[in-house]
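A look at the structure
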Amino acid sequence: AQSVTQLGSHVSVSEGALVLLRCNYSSSVPPYLFWYVQYPNQGLQLLLKYTSAATLVKGINGFEAEFKKSETSFHLTKPSAHMSDAAEYFCAVSDGSGTYKYIFGTGTRLKVLA
Amino acid sequence: GAGVSQSPSNKVTEKGKDVELRCDPISGHTALYWYRQSLGQGLEFLIYFQGNSAPDKSGLPSDRFSAERTGGSVSTLTIQRTQQEDSAVYLCASSLTGTKNTGELFFGEGSRLTVL
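These lines cover the structure that appears in this document, whether it is placed above or below. (Residues numbered from 1 in each chain as written. Chains lettered and ligands numbered in written order. Predicted model: local features only at pLDDT ≥ 70, side-chain atom pairs only at ≥ 80, totals over all residues. Heavy atoms only, no water.)

**Some remarks on the overall build of chain A**
In terms of regular secondary structure, chain A is built from 0 helices and 12 strands. In sequence order, the secondary structure elements of chain A are arranged as β-β-β-β-β-β-β-β-β-β-β-β. Compactness check: chain A gives a C-alpha radius of gyration of 13 Å against a globular reference of 13 Å for 114 residues, within 12% of the reference. Once the C-alpha set of chain A is aligned to its principal axes, its extents read approximately 45 × 30 × 20 Å. The buried share among the 114 residues of chain A stands at 44%. Partitioning the contacts of chain A with sequence separation of at least 6, the portion at a separation of at least 24 is 56%. With the model as given, the accessible surface of chain A reaches about 5,400 Å², and the carbon-plus-sulfur share is 53%. The centroid of the 9 positive side-chain charges in chain A is displaced by 3 Å from the centroid of its 7 negative side-chain charges. (Helix = DSSP H or I, 4+ residues; strand = E, 2+ residues; numbered from the N terminus. Rg over C-alpha atoms; globule rule 2.2 N^0.38 Å. Buried < 20%, exposed > 50% of the residue type's maximum accessible area, 1.4 Å probe, protein only. Contact = heavy atoms within 4.5 Å. Areas by Shrake-Rupley, 256 points an atom, 1.4 Å probe, with all protein chains shown as cover. Lys, Arg positive; Asp, Glu negative; His and termini not counted. Charge placed at Lys NZ, Arg CZ, Asp CG, Glu CD.)

Spelled out as structure tokens, the structure:
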């Protein structure tokens, strides 16, 4: 069975500081991994995804994530936080079997301090 | 429309009443998902439709919950005899599958259900 663990339900960073949101996964098969962002009162939108190509994945809004098989991790980073990055971030895993049954983490709410 | 459309955006109901939530996916998307997002929780998978195949209902929390998808397009999630613990945001998502699949889910803005 697949699972996703997001460490830290709330993360606060200062504007301009590094953003690091943690995600660890469990999967018996090579996974597809995703980060989604949810702004207030909106649905989720895709930030980036890993589908077994390059291990360092670049997404929208300056975010990137690195797939580390040895650590079963897919942490999300951004070098310099902006106020507009304040949102909730979800990590998700799929086994890529074609059914694309996605398992989501519990989310991390990012707060950016002025 | 261009995106996934859900209605109503907000629904307040009394305990014991039935509610219907509607999802209109992106045209051409064969896969449709319903998720439930409760305060402080992640996204809880409810049900998945793929083309004409039998839906995966493994996430439905009780027999009060049901969903259908007519003509491979619009889906309705029905909750019978609502309980206060059903209060949540119900999210619908759709995606392409098969060779065109990008692996991306496209979400609607959700239907916020409040059971008094």
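Resuming the write-up.
**Overview of the packing of aromatic side chains**
For any pair of aromatic rings, the description consists of the separation of the ring centres together with the inter-plane angle of the planes. Taken as a whole and judged by the stated rule, the model has 15 aromatic pairs over all chains. Note on A:Y25 and A:F67: the rings are 5.9 Å apart at their centroids and 25° apart in plane angle, and the pair reads as stacked. Note that A:Y25 is positioned in strand β4 (residues 24–26) and A:F67 in strand β8 (residues 64–68), a separation of 42 residues in sequence. Judged by relative accessible area, A:Y25 falls into the buried class, the value being 8%. Note on A:F67: relative accessible area 10%, which makes it buried. Aromatic pair A:Y50 and A:F67: ring centres 4.1 Å apart, planes at 15°, arrangement stacked. Linking A:Y50 in strand β6 (residues 44–50) with A:F67 in strand β8, this pair joins segments that are 17 residues apart in sequence. Here the aromatic residues A:F34, A:Y36, A:Y102, A:F104, B:Y33, B:Y35, B:F45, B:Y48 and B:F107 are joined through ring pairs into a cluster of three or more. (Phe/Tyr/Trp six-rings, centres within 6.5 Å; stacked < 30°, edge-to-face > 60°.)

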